[in-house]
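Observations on chain architecture
Below, each chain spelled out in residue letters.
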Amino acid sequence: MNDFSLVLEKCKNLKEKKIPVVVCAQEEELLKSICKCLKENIVKKPILIGDKNKIETILLNEKENLDEFKIVNILDKIEASEKAVEYILNNTGDFLIKGLVDTSIILKAILNKKEELSQGKEIFFSHVALVKVDKLDRLFLLSDAAMNISPGVKEKIKIIENTLIVSKALNIENPKIALIAAKEKVSKKMIATLDAKEITDYYKNTNYIVEGPLALDNAISKKSAEIKGLEGKIKGDADILIMPNIEAGNIFYKSLTYLSNSQIAGILVGAKVPIVITSRADNEESKFLSIALATLV
């Protein structure tokens with residue numbers, strides 16, 4: 001998949017439109033993004049939980065028909081998060097969107113119902129971003145830039161498994177997964193390279209293409225990989241980039257956001273339903289694309 005327009009087309013072609021449940025929805029830019037998704041037939045009748053007066057004021061200023069939304073007046077952030085989870089549990093809503101509330105509050109509400117939302121396995125959250133930059137002719141996935149601070153080998157394998165859920169939803173067949181470090185050679189002084197080698201060995205006898213350590217340039221640039229004469233199946237054409245830690249992931253993510261001409265969608269994966277975790281610094285397009293991505297997962 002090489003363009004976000006193909007992602008949006010896939011969203012619009014879904015037979016059953018998803019219902020988003022928004023926690024503390026009284027945020028103007030976020031509501032604009034939700035309204036855009038509604039108008040473009042990506043979602044249906046969003047459930048907006050929060051300050052009803054503020055939500056209605058924003059929607060009316062945007063000349064929206066209030067009948068297109070279900071608005072639930074709950075001012076307390078904890079109660080709003082618990083109500084949102086309740087909508088997911090009773091199948092009234094299909095995925096969650098974070099508004100003006102701390103991520104930790106939403107996650108606590110989910111973990112309080114972990115048996116119902118775990119899909120029969122341990123809940124492990126990781127952030128997965130879908131990225132398009134003008135210098136590459138394809139989209140790629142990036143994880144984890146926002147959730148896990150210093151994951152070890154076991155956690156990185158779980159991050160990979162969560163990322164594969166998203167790649168499958170995007171119909172990316174046999175994705176090439178690059179374990180990013182500062183160099184290709186294993187060094188005892190660099191934990192990221194040691195982890196990458198162990199994870200590569202873990203997946204060696206599977207159907208997945210997982211290789212590392214790989215420096216970023218060799219994971220995404222065919223020219224760089226060719227110059228260095230890399231062996232292996234990933235030669236500048238990785239579909240998924242697994243970051244060594246949150247510092248590397250977050251800095252790379254924000255560099256893409258602020259220093260390049262890029263489009264980025266991001267969601268939190270690991271429970272029964274995805275969560276759109278948007279920052280107030282994210283632009284309207286990023287929030288719109290993140291909501292669209294969540295409808296596919």
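Description of the structure in this document.

Here strand β1 (residues 20-23) shows no split at all, with Pro20 and Val22 on one side and Val21 and Val23 on the other all buried. In this structure, β1 lies alongside strand β4 (residues 95-98), joined through four bridges in parallel fashion. Across the sheet, residue Val21 finds its bridge partner in β4, namely Leu96. Relative to strand β2 (residues 47-50), β1 runs parallel, the two being bridged by three bridges. Each residue of the ladder has a partner; that of Val21, found in β2, is Ile47.

All right, on to the environment of Pro244 then. With respect to the helices and strands, Pro244 occurs in the loop between β9 (240-242) and α11 (246-259). The class of Pro244 is buried, set by a relative accessible area of 15%. For Pro244 and Thr193, which are 51 residues apart along the polypeptide, the C-alpha to C-alpha distance reads 8.6 Å. Discounting residues that sit within four places of it in the chain, Pro244 has contacts with Pro151, Lys156, Ile180 and Ala192.

Under the defined criterion, the tally for this structure stands at two aromatic pairs. On the basis of an interplanar angle of 80° and a centroid distance of 5.0 Å, the ring pair of Tyr202 and Tyr203 is categorised as edge-to-face. Seen in terms of ring centroids, Tyr203 and Tyr208 are 6.0 Å apart; in terms of plane orientation they differ by 85°. Their pairing is edge-to-face. Judged by relative accessible area, which is 3%, Tyr203 ranks as buried. Taken together, the aromatic side chains of Tyr202, Tyr203 and Tyr208 make up a single cluster linked through ring pairs. When the ring centre of Phe288 is taken as origin, the NZ or CZ atom of Lys36, which lies over that ring, is 4.4 Å away. When the ring centre of Tyr87 is taken as origin, the NZ or CZ atom of Lys83, which lies over that ring, is 5.3 Å away.

Topologically, Arg138 is positioned in the loop between β5 (126-133) and β6 (140-143). For Arg138, a relative accessible area of 12% puts it in the buried group. The spacing of Arg138 and Ala238 is 100 residues in sequence and 9.9 Å in space, taken between C-alpha atoms. Reaching out from Arg138, the side chain makes a polar contact with the backbone oxygen of Gly236 at a distance of 3.2 Å.

A cis amide bond, omega 5°, links Ser143 with the succeeding residue Asp144. The phi angle at Cys24 is positive, at roughly 60°, despite the residue not being glycine. Mapped onto the secondary structure, Cys24 falls in the loop between β1 and α2 (28-39). One non-glycine residue, Asn171, lies in positive phi territory at about 60°. With respect to the helices, strands and loops of the structure, Asn171 is situated in the loop between α7 (153-169) and β7 (176-181).

We now examine the side chain of Asn218. Locating Asn218 in the fold gives a position in helix α9 (residues 216-220). Not counting residues within four places of it along the chain, the set of residues in contact with Asn218 comprises Glu184, Ser224, Ala225, Lys228, Leu230, Lys235 and Gly236.

What follows deals with the packing of α2 against helix α12 (residues 284-296). Remark: α2 packs on α12, axes separated minimally by 9 Å, with the N-to-C direction vectors making an angle of 50°. As judged from the angle between their axes, α2 and α12 are oblique. Of the two possible hands of crossing, α2 and α12 adopt the one that is right-handed. Each of Glu29, Leu30, Lys32, Ser33, Ile34, Lys36 and Cys37 in α2 lies in contact with α12, whose residues at this interface are Glu284, Lys287, Phe288, Ile291 and Ala292. For the contact of α2 with α12, the per-class residue count stands at six nonpolar, one polar and five charged.

Attention shifts here to helix α5 (residues 103-111). Side chains that are three or four residues apart share a direction in an α-helix, a result of its 3.6 residues per turn. When we look at burial in α5, the residues that qualify are Ile106, Leu107, Ala109 and Ile110. With its buried residues spanning 155° around the axis, α5 presents them on a single face. Exposed positions of α5 whose direction lies more than 90 degrees from the buried face are Ser104 and Lys108. Tucked into the core, α5 has its buried residues touching β1, α4 (77-89), β4, α6 (114-117), β10 (262-269) and β11 (275-276).

What counts, and where the lines are drawn
- Residues numbered from 1 in each chain as written.
- Predicted model: local features only at pLDDT ≥ 70, side-chain atom pairs only at ≥ 80, totals over all residues.
- Heavy atoms only, no water.
- Buried < 20%, exposed > 50% of the residue type's maximum accessible area, 1.4 Å probe, protein only.
- Helix = DSSP H or I, 4+ residues; strand = E, 2+ residues; numbered from the N terminus.
- Pairing = 2+ DSSP bridges.
- Contact = heavy atoms within 4.5 Å.
- Phe/Tyr/Trp six-rings, centres within 6.5 Å; stacked < 30°, edge-to-face > 60°.
- Lys NZ or Arg CZ within 6 Å of the ring centre and 35° of its normal.
- Polar contact = N/O pair within 3.5 Å; in protein donor to acceptor, adjacent residues only side chain to side chain.
- Axes fitted to C-alpha atoms, helices over the stretch in contact; angles between N-to-C directions.
- Parallel < 35°, antiparallel > 145°, perpendicular 65-115°, else oblique.
- Left-handed = near helix turned anticlockwise from the far one by under 90°.
- Nonpolar A, V, L, I, M, F, W, Y, C, P; charged D, E, K, R; others polar.
- Arc of directions from axis to C-beta.

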